[in-house]
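# Descriptive analysis of the structure
Spelled out, the chains give:
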Amino acid sequence: MSIVSVNNLTKIFGPEPQRALDLLAQGWSKKKIYEQTKHTVGVNRVSFDIEEGEIFVIMGLSGSGKSTLIRLLNRLIEPTSGDILYQNQNIVKMNAAELRSFRRRRMAMVFQKFALFPHRTILRNVEYGLEIRGVSAKKRQEKARSSLALVGLDGWENSYPDQLSGGMQQRVGLARALANEPDILLMDEAFSALDPLIRKDMQDELLDLQEKMKKTIIFITHDLNEALRIGDKIALLRDGSIVQIGTPEEILINPANRYVEKFVEDVDLSKVLTAAHVMRRPETIGPDRGPRVALQLMRDSGISNLYLVDKSRRLLGAISAEDASAAIKENKTLLAIATRDVPTVRPDLRLNELFDVVSATPIPVAVTDESNRLLGIIVRGAVLAALTGNAEHINVEGDADA
Ligand code: ADP
Ligand code: MG
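How each quantity is defined
- Residues take numbers from 1 onward in each chain, read along the sequence in its written order.
- Written order decides the labels, with chains lettered from A and ligands numbered from 1.
- Only residues with pLDDT of at least 70 are given local features in this predicted model, and only at 80 or more are side-chain atom pairs given and counted; all residues enter the totals for whole chains, interfaces and linings.
- Side-chain figures throughout are based on the complete set of non-hydrogen atoms in the structure, without hydrogens or water.
- For the purposes of this entry, the term helix denotes a DSSP run of H or I that reaches at least four residues, the term strand denotes a run of E that reaches at least two, and both are numbered from the N terminus.
- Based on C-alpha atoms, the radius of gyration is set beside the globule rule, defined as 2.2 Å times the residue count to the power 0.38.
- Per-residue accessibility, obtained with a 1.4 Å probe over protein chains only, is compared with the maximum for each type, and a residue is labelled buried under 20%, exposed over 50%, and partly exposed between these values.
- The contact definition used throughout considers only heavy atoms, calling two residues in contact when any of these lie within 4.5 Å.
- Note on areas: these come from Shrake-Rupley sampling with a 1.4 Å probe, and a residue is covered only by the protein chains present in the view.
- When we say a residue is near a molecule or strand, we mean one of its heavy atoms is within 4 Å of it.
- Polar contact is the term for a pair of N or O atoms within 3.5 Å; when the atoms are in protein, one must be able to donate a hydrogen and the other to accept it, and sequence-neighboring residues count only if both atoms are side-chain atoms.
- Strand pairing follows a simple DSSP-based rule, namely that at least 2 bridges must link the two strands.
- An automatic or database domain assignment supplies the start and end points of every domain.
- To get an axis, fit a line to the C-alpha atoms, keeping to the stretch in contact for a helix; angles then go from 0 to 180 degrees between the N-to-C directions.
- Throughout this description, the term salt bridge denotes a Lys or Arg side-chain nitrogen within 4 Å of a carboxyl oxygen of Asp or Glu.
- Helix crossings are classified by the rotation of the near helix relative to the far one: an anticlockwise turn of less than a right angle makes the crossing left-handed, while a clockwise turn makes it right-handed.
- The residue classification treats Ala, Val, Leu, Ile, Met, Phe, Trp, Tyr, Cys and Pro as nonpolar and Asp, Glu, Lys and Arg as charged. All others, Gly included, are polar.
- When the strands point away from the viewer and the connection leading from the first strand across the helix to the second strand turns clockwise, the crossover is called right-handed.
- UniProt positions are given in the numbering used here, feature names are shortened, and annotations may be inferred rather than shown by experiment.
- If an angle is under 35 degrees, it is roughly parallel; if it is over 145, roughly antiparallel; if it lies from 65 to 115, roughly perpendicular; otherwise it is oblique.

Attention shifts here to the overall build of the protein. Helix and strand counts for the protein stand at 17 helices and 16 strands. The C-alpha atoms of the protein give a radius of gyration of 27 Å, which is well past the 21 Å a tight globule of 402 residues would have. The principal-axis extents of the C-alpha atoms in the protein amount to approximately 85 × 60 × 40 Å. The buried share among the 402 residues of the protein stands at 48%. Taking the contacts inside the protein whose residues are at least 6 apart along the sequence as the reference set, 65% of them involve residues at least 24 apart. Of the accessible surface of the protein, which amounts to about 19600 Å², a share of 47% is contributed by carbon and sulfur atoms.

Quick look at the structure:
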């Protein structure tokens, strides 16, 4: 079940939003509505579901509505229309007290320029949220210490913010949000101000943290690479509307329209796509079959190699049509004639590395898991087709049945 469910959420900035809302319903664009009414469409009839434990990335250019959308979710900005369900409670209907408690305990915001108090130690900065909630000193120190440890800042409790680097300060902001133990973290361009290397470290740390804590994270960025790196799902915003929602792969491989295509066209597919994306279903045969059956199978399906697998689909070898013919004459078993040196790769091998393996072998490369089970095969043409962006040749879900 989704933890957050957003339905038709809209924000119009201006004194008479109803009129702009009507015009939106009539199909007017954000630009035209602004020209005619001086009302700004911040977010335009947006709907999506967020699953518990996922990193949901909202991506878009500056002014596309990202900050407005994330602030609508905890009503730092009041919606003009639409619903936001959190575990079936409608956030839009909450009174002030319910909303305060919701923001503290359920959805905590990690700000980009988190205002750390310069005169407070790191520990006391992290305690702050608990302090205003009236949590006892002992309890809040305990929680603050453990959330500092989570972000790798144990030992820095008694330092002051100006003694820490930018990346470390950002972690304090994260620890402060974590100390409240919210179900959902909201992060609005939280890493955008960091320089690239530190930023990559922070992304890795967030992924680690996610692995450990299984928090639901709603993460805003204008950076496609950041979105692709950390997102389980990405929603791409343009002029306040969602143009596409999908996994990073779906967005890269099946862009919904020309706009998304333009957005992703500079991504190097060979570094994103893996063997699983281009593998095909192999024709297999068991070792208890004879060479005649093997030959017949190859003729029927118009192929020149069969993969020999045991009952658990573990790869035993490959058989060519010539091998099978010879085996018939010499009265040998498939196991006896099979080639053992089939080149194999793992499903997560990137295409840029796969390319060398594929071009060096006469038989299709086998894709196997850790137990040597055959998952698929890679035919040479499929790699090239995928790299030239031919989506028909890519398995979006990574299965070989395409
Ligand atoms: P992003 O975070 O993607 O850069 P924003 O959500 O800040 O975009 O802005 C979305 C749109 O809403 C922009 O056109 C912006 O000018 C407008 N906007 C944001 N906040 C306000 C506001 N308080 N009053 C009027 N317009 C606003
Ligand atoms: Mg913004």
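Relative to the assigned elements, Gly 82 resides in strand E4 (residues 81–86). Taking relative accessible area as the criterion, Gly 82 reaches 22% and is therefore assigned partly exposed. Between the alpha carbons of Gly 82 and Ile 394 there is a distance of 37 Å; along the sequence they are 312 residues apart. For Gly 82, the residues in contact, after removing those within four places along its chain, are Asn 7, Asn 8, Leu 9 and Val 92.

Turning next to the site of ligand 1. Near ligand 1 you find Phe 13, Lys 30, Thr 40, Gly 42, Leu 61, Ser 62, Gly 63, Ser 64, Gly 65, Lys 66, Ser 67 and Thr 68, and these make up its full shell. Contact between ligand 1 and Gly 63: an oxygen atom at 2.7 Å from a main-chain N or O atom of the residue. Note that an oxygen atom of ligand 1 is positioned 2.9 Å from one of the backbone N or O atoms of Ser 67. Here ligand 1 loses 60% of its free accessible area of 560 Å² to cover by the protein chains. For the shell around ligand 1, the leading source of residues is helix H3 (residues 66–73), giving three residues.

Before going further, it helps to examine the sheet that holds strand E2 (residues 40–51). Read from one edge of the open sheet, four strands run E2-E1-E4-E5, paired in antiparallel fashion. Since the sheet does not close on itself, it has two edges, and those belong to E2 and strand E5 (89–90), each with one partner. Bridging between strand E1 (residues 2–13) and E4 involves five bridges; their strand directions are antiparallel. Across the sheet, the residue bridging to Ser 5 is Leu 85, located in E4.

Moving on: the domain arrangement of the protein. Entries for the protein in the domain assignment read domain 1 (51–83 + 91–106 + 182–267) and domain 2 (275–388). Once you take the C-alpha centre of each, domain 1 and domain 2 turn out to be 42 Å apart.

All right, on to the sheet that holds strand E10 (residues 241–246) then. Remark on secondary structure: sheet strands pair via backbone hydrogen bonds, oriented parallel or antiparallel. One open sheet holds the six strands; their spatial order is E6-E7-E8-E3-E9-E10, and the pairing between them is mixed. The open sheet has two edge strands with one neighbour each: strand E6 (107–110) and E10. The sheet shows a mean angle of 20° between the axes of neighbouring strands, direction not considered. Where E6 meets strand E7 (residues 184–188), four bridges bridge the pair, whose relative direction is parallel. The residue of E7 that forms the bridge with Met 109 is Leu 186.

With respect to the element layout, Pro 287 can be found in the loop between strand E11 (284–285) and helix H13 (291–301). Put simply, Pro 287 and Leu 334 are 47 residues apart on the chain and 6.0 Å apart in space, counted from C-alpha to C-alpha. Beyond its immediate chain neighbours, meaning those up to four positions away, Pro 287 contacts Leu 308, Val 309, Asp 310, Leu 316 and Leu 335.

On to the pattern of salt bridges. One pass over the full model with this rule turns up 22 salt bridges. Among the salt bridges present, the one from Lys 31 reaches Glu 35, with a minimum N-O distance of 3.6 Å. In this pair, Lys 31 and Glu 35 are both assigned in helix H2 (residues 30–37), four residues apart and thus about one turn of the helix distant. Under the relative-accessibility criterion, Lys 31 is labelled exposed at 60%. Look at Glu 35 and you get partly exposed, because its relative accessible area is 48%. Taking the shortest distance from any N to any O, the salt bridge between Glu 265 and Lys 262 comes out at 3.8 Å.

Below, the discussion takes up the packing of helix H5 (residues 122–132) against helix H7 (residues 166–179). Here H5 crosses H7 at 35°, and the two axes come no closer than 8 Å. Handedness of the H5/H7 crossing: right-handed. Every residue of H7 that contacts H5 at Ile 122, Asn 125, Val 126, Tyr 128 and Leu 130 is listed here: Val 172, Ala 175, Arg 176 and Ala 179. Partitioning the contact of H5 with H7 into residue classes produces seven nonpolar, one polar and one charged.

Attention now moves to the pairing of strand E12 (residues 305–309). For E12, the buried fraction is high: five of the five residues fall into the buried class. Side chains Asn 305, Tyr 307 and Val 309 project from E12 onto one buried face, and the interleaved Leu 306 and Leu 308 project onto a second face that is buried too. As paired strands, E11 and E12 are joined by two bridges and run parallel to one another. Note that in E12 the partner of Thr 284 across the bridge is Tyr 307. Chirality of the crossover, the property in question, places the unit of E11, H13 and E12 among those that are right-handed.

Time to look at the UniProt feature "domain: CBS" (unreviewed entry) in the protein. Look at the UniProt record and you will see "domain: CBS" (unreviewed entry) annotated at residues 278–334 and 338–396. Secondary structure across residues 278–334 divides into 40% helix and 23% strand, with the first and last C-alpha atoms of the span separated by 28 Å.

Bringing the packing of H13 against helix H14 (residues 321–330) into the picture now. Between H13 and H14, the least distance of the axes is 8 Å, while the angle of their chain directions is 150°. If you check the angle between H13 and H14, you find them roughly antiparallel. Pair H13 / H14 crosses with left-handed handedness. Contacts from Pro 291, Arg 292, Leu 295 and Met 298 in H13 reach Ala 321, Ala 324, Ser 325, Ala 327 and Ile 328 in H14.

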